Amino acid sequence: MALILGYFVAYEPLSVESRRLHAGLMRQSSDLQWMRQALVTLASCPAHRQTPETGKALLVVVDRTIRDAGLKQQLKRVQPDGDDRLRLWFEHASFASLAQWLDSLEKKQGIVVDSANVDRQQEAGVVSAKVGLAWAKR
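Just so it is clear, the structure is predicted and the values come from calculations on it, not from any experiment. (Residues numbered from 1 in each chain as written. Predicted model: local features only at pLDDT ≥ 70, side-chain atom pairs only at ≥ 80, totals over all residues. Heavy atoms only, no water.)

**Concerning the overall build of the protein chain**
Okay, so step 1: For the protein chain, the helix and strand inventory stands at 3 helices and 4 strands.
Okay, so step 2: Written out in order from the N terminus, the α and β elements of the protein chain read α-α-β-β-α-β-β.
Okay, so step 3: Taking all 138 residues of the protein chain together, 24% fall into the buried category.
Okay, so step 4: Intrachain contacts of the protein chain at a sequence separation of at least 6 include 55% that bridge at least 24 residues. (Helix = DSSP H or I, 4+ residues; strand = E, 2+ residues; numbered from the N terminus. Buried < 20%, exposed > 50% of the residue type's maximum accessible area, 1.4 Å probe, protein only. Contact = heavy atoms within 4.5 Å.)

Shown next as structure tokens:
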């Protein structure tokens, strides 16, 4: 009788609690593994990728520098293009301002031109352009 009572009073509750804790540990271990995989996926997502120097997304840096260069009025369209690339369309922009802005992007921000189509306009020094930008390879 003492053995049966000892089993139900001491061993059985401890055994049940041990199985419950072990199952909880396995769930938490599985959750941790999923979180690590999600972190890798998020880190490689273009929308969240950031440059190490500025900690900002490509679109944010480009938008700010366009405003600083005084080209916001000439910017007609912005389109993401794949991983960490942008396509921008300018109309009636000063060629000198556009060239200076692109040079500044590369030197100060680490953003390079990966493609460009520039068409001159009737007015001297004025162009329409389609520009592709991307982070410089490091």
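**Quick word on the side chain of Ser 128**
Okay, so step 1: In this structure, Ser 128 sits in strand 4 (residues 126–135).
Okay, so step 2: In terms of polar contacts, Ser 128 uses its side chain to reach the side chain of Gln 121, at 3.1 Å.
Okay, so step 3: Residues contacting Ser 128, with those up to four places away along its chain left out, are Phe 90, Glu 91, His 92, Asn 117, Val 118, Asp 119 and Gln 121. (Polar contact = N/O pair within 3.5 Å; in protein donor to acceptor, adjacent residues only side chain to side chain.)

**Quick look at the pattern of salt bridges**
Okay, so step 1: Enumeration over the complete set of coordinates arrives at 8 salt bridges.
Okay, so step 2: The partner of Arg 20 in a salt bridge is Glu 17, with the nearest N and O atoms 2.5 Å apart. Taken together, the residues span about one helical turn, with Arg 20 and Glu 17 both in helix 1 (residues 2–44) at a distance of 3 residues.
Okay, so step 3: We note a salt bridge from Asp 103 to Lys 107, for which the minimum N-O separation is 3.2 Å. In this pair, Asp 103 and Lys 107 both sit in helix 3 (residues 95–109), 4 residues apart, roughly one turn of the helix.
Okay, so step 4: A residue is classified by how much of its surface remains accessible, and Lys 107, at 64% relative accessible area, is exposed.
Okay, so step 5: Connected through shared salt-bridge partners, Asp 81, Arg 85, Arg 87 and Asp 114 make up one network. (Salt bridge = Lys/Arg side-chain N within 4 Å of Asp/Glu carboxyl O.)

**As for the pairing of strand 2 (residues 85–94)**
Okay, so step 1: Bridge analysis of strand 1 (residues 75–80) against strand 2 gives 5 bridges, and the strand direction is antiparallel. By the bridge assignment, Arg 77 is partnered in strand 2 with Trp 89. (Pairing = 2+ DSSP bridges.)

**Side note on the confidence of the model for the protein chain**
Okay, so step 1: Put simply, the protein chain has an average pLDDT of 84, and 88% of its residues get 70 or more.
Okay, so step 2: Note on residues 47–54: pLDDT under 50 across the span, and 14 contacts to partners over four residues away in sequence or across chains. (pLDDT = per-residue confidence, 0-100.)

**Focus on the nonpolar core**
Okay, so step 1: Counting 20 residues, the largest nonpolar core has Val 62, Phe 90, Trp 101 and Leu 133 as its most contacted members.
Okay, so step 2: The set of elements that each furnish at least two residues to this core consists of helix 2 (58–69), strand 2, helix 3 and strand 4.
Okay, so step 3: If one sorts the elements of this core by residue count, strand 4 sits on top with 5 residues.
Okay, so step 4: Excluding residues within four positions of it along the chain, Trp 101 makes contact with Val 62, Thr 65, Ile 66, Ala 69, Leu 71, Phe 90 and Leu 133. (Core = buried A, V, L, I, M, F, W, Y, C linked by side-chain atoms within 4.5 Å.)

**Looking at helix 3**
One turn of the α-helix equals 3.6 residues, which is why residues spaced by three or four share an orientation.
Okay, so step 1: In this model, helix 3 (15 residues) spans 20 Å end to end at C-alpha, consistent with the 21 Å of a helix rising 1.5 Å per residue.
Okay, so step 2: Contacts from the buried residues of helix 3 go to helix 2, strand 2, strand 3 (111–120) and strand 4.
Okay, so step 3: Gly 110 occupies a position one or two residues after helix 3 and carries a positive phi of about 75°. (Expected span 1.5 Å × (residues − 1).)

**Brief notes about the sheet that holds strand 2**
Okay, so step 1: Judged by pairing direction, the sheet is antiparallel, and its 4 strands sit side by side in the order 1-2-4-3 without closing on themselves. Looking at the sheet topology across the chains shown, the edges are occupied by strand 1 and strand 3. Strand-to-strand, the axes of this sheet are offset by a mean angle of 15°, without reference to chain direction.
Okay, so step 2: Here 8 bridges tie strand 2 to strand 4, and the two strands are oriented antiparallel to one another. Bridge assignment links Leu 88 to a residue of strand 4, and that residue is Val 131. (Axes fitted to C-alpha atoms, helices over the stretch in contact; angles between N-to-C directions.)

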